[in-house]
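Coordinates in review
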Amino acid sequence: MTRNYLSGSIKKALAIIECVGKSPKPLKASQVASITKLDRATAFRILTYLTSLGYVFKDTSNNLYTLGHKIFEFGDKSDFLKTLTTLCFEHIKNLSYDTNHITYLAVLEGPHIVYCDKVDPLGENAPRAFRMRLDAHSCALGKAILAFKSRDELREIYKSYTLHKHTSNTITSLDKLYANLDKIRKNGYSVNEAETFDYVYGIGAPIMDMQNRAIAGIAISGTKGSINVKTVPELANRVTKTAKMISKKLQES
């Protein structure tokens, strides 16, 4: 006779993650309990624990639950990433050719971004499955996605990770990062001013899902000669326009 090794608590936790993940909108704890047919106190206790681990996120302003950042760390192992790269490729290719800048697509994994695709207007493109990582706090792509995280999510992401100083322009304190992210959220785009590598500049924008969460980002990369005070407004307009087109296409798919 085969022994049953499945823990009741594990089954309930997975049921809650599936419930929150499949929902087209954020849910209250009572709604999660109703859908999963769990006792309210049990559902709330498990939601609280999953939130502490980063698998579920609770918006404390309205007590609604969505999937947390930890879930998206498994993105490169799912069909989601393949779908994302397929939907994005023509758009980032057009952006690259229109702006004459290298264009990237990336997702967030904890305090890092993971590049998913790259288009070079000169034709020297990376393999479609390349996975280079960078610190999110010091590049346009990362900051574009981080800007749409709540303070609670950001504190969770950086509770045990140092804001490493890569250049003299790197943001190295959470207060300064929060201020920069607030500005990015207001403008709708981010700017990297040689914050990861000297002489490498960039402009990024988020890709949003139906729940208004930044699930990925795109960015163009260049030098101060091509990305500067004079050129940023027009280039940022093209980057944000492309990101919005991708977001709409993803939401409709």
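Here we summarise the structure given alongside this text. Here the structure is a predicted model, which is why all the values come from computation and not from measurement.

**Some remarks on the overall build of the protein**
In terms of regular secondary structure, the protein is built from eight helices and eight strands. Put simply, the protein has 253 residues, and 47% of those count as buried. For the protein, the computed accessible surface area is about 13500 Å², with 54% contributed by carbon and sulfur atoms.

**A few points about the side chain of serine 138**
Residue placement: serine 138 occurs in the loop between strand S5 (133-135) and helix H5 (140-146). On the basis of relative accessibility, which here comes to 0%, the residue serine 138 falls in the buried class. Polar contacts involving the side chain of serine 138 include one to the main-chain carbonyl oxygen of aspartate 135, which spans 3.3 Å. Apart from residues no more than four positions distant in its own chain, serine 138 is found in contact with His166, Thr170, Asn192, Glu195 and Thr196.

**A closer look at the pattern of salt bridges**
This structure, assessed with the given rule, holds nine salt bridges. One salt bridge in this structure joins aspartate 182 and arginine 151, with 3.0 Å as the shortest N-O distance. Taken together, the positions of aspartate 182 in helix H7 (residues 174-187) and arginine 151 in helix H6 (residues 151-157) put the pair 31 residues apart, joining distant regions of the chain. Aspartate 182 gets classed as partly exposed once you look at its relative accessible area, which sits at 31%. On the basis of relative accessibility, which here comes to 28%, the residue arginine 151 falls in the partly exposed class. Residues participating in the shared-partner salt-bridge network are Arg151, Asp182 and Arg185.

**Describing the nonpolar core**
If you look at the biggest cluster of nonpolar residues, it comprises 28 residues, and the most contacted ones within it are Leu105, Ile203, Ile207 and Ile218. Listing elements by their share of this core, those giving two or more residues are helix H4 (79-99), strand S3 (102-109), strand S4 (112-119), strand S7 (201-208), strand S8 (214-222) and helix H8 (232-252). When residues in this core are grouped by element, the largest group, seven residues, is from H8. With sequence-adjacent residues up to four places away left out, leucine 105 is seen in contact with Leu84, Thr85, Cys88, Ile92, Val114, Tyr115, Cys116, Asp117, Ile207, Ala216, Gly217 and Ile218. The next biggest cluster of nonpolar side chains, apart from the first, holds 25 residues, and it includes Leu108, Leu134, Leu181 and Ala214.

**Examining the packing of helix H1 (residues 8-22) against helix H3 (residues 40-53)**
Between two packed helices, what matters for the description is the angle formed by their axes and the separation of those axes. Where H1 contacts H3, the two axes come as close as 10 Å, and the packing angle between them is 80°. As the angle between them shows, H1 and H3 are arranged roughly perpendicular. Across the interface between the two elements, Lys12, Ala13, Ile16, Ile17 and Val20 from H1 touch Thr42, Ala43, Ile46, Leu47 and Leu50 from H3.

**Brief notes about H7**
Taking 1.5 Å per residue as the helical rise, H7 with its 14 residues ought to reach 20 Å, and the 20 Å between its terminal C-alpha atoms agrees with that figure. Within the sequence span of H7, burial applies to Leu177, Tyr178, Leu181 and Ile184. Projected down its long axis, H7 carries its buried residues within an arc of 125°, all on one side. Residues of H7 that are exposed and point more than 90 degrees away from the buried face comprise Asp175, Lys176, Lys183 and Lys186. Just past H7, the residue glycine 188 takes up positive phi, approximately 90°.

**A short note on the sheet that holds strand S6 (residues 190-193)**
Taken together, six strands build an open sheet; the order of strands is S5-S4-S3-S8-S7-S6 and the sheet is antiparallel. Among the strands making up the open sheet, the edge pair consists of S5 and S6. Between one strand axis and the next, the sheet turns through 35° on average, direction left out of account. Note that S6 and S7 share four bridges and pair antiparallel. Directly across from valine 191, in S7, lies its bridge partner isoleucine 203. This element, H8, spans S6, S7 and S8 of the sheet and lies at about 25° to S7.

**Examining the environment of asparagine 100**
Within the secondary structure, asparagine 100 sits in the loop between H4 and S3. Taking relative accessible area as the criterion, asparagine 100 reaches 57% and is therefore assigned exposed. Ignoring anything within four residues of it in the chain, the contact list for asparagine 100 reads Leu95 and Pro121.

**What about unusual backbone geometry?**
We note that asparagine 63 has phi near 60°; this positive angle belongs to a residue other than glycine. Relative accessible area serves as the criterion here: at 42%, asparagine 63 is assigned to the partly exposed category. Backbone geometry places asparagine 100, a non-glycine residue, at a positive phi of 60°.

About the cut-offs
- Residues numbered from 1 in each chain as written.
- Predicted model: local features only at pLDDT ≥ 70, side-chain atom pairs only at ≥ 80, totals over all residues.
- Heavy atoms only, no water.
- Helix = DSSP H or I, 4+ residues; strand = E, 2+ residues; numbered from the N terminus.
- Buried < 20%, exposed > 50% of the residue type's maximum accessible area, 1.4 Å probe, protein only.
- Areas by Shrake-Rupley, 256 points an atom, 1.4 Å probe, with all protein chains shown as cover.
- Polar contact = N/O pair within 3.5 Å; in protein donor to acceptor, adjacent residues only side chain to side chain.
- Contact = heavy atoms within 4.5 Å.
- Salt bridge = Lys/Arg side-chain N within 4 Å of Asp/Glu carboxyl O.
- Core = buried A, V, L, I, M, F, W, Y, C linked by side-chain atoms within 4.5 Å.
- Axes fitted to C-alpha atoms, helices over the stretch in contact; angles between N-to-C directions.
- Parallel < 35°, antiparallel > 145°, perpendicular 65-115°, else oblique.
- Expected span 1.5 Å × (residues − 1).
- Arc of directions from axis to C-beta.
- Pairing = 2+ DSSP bridges.

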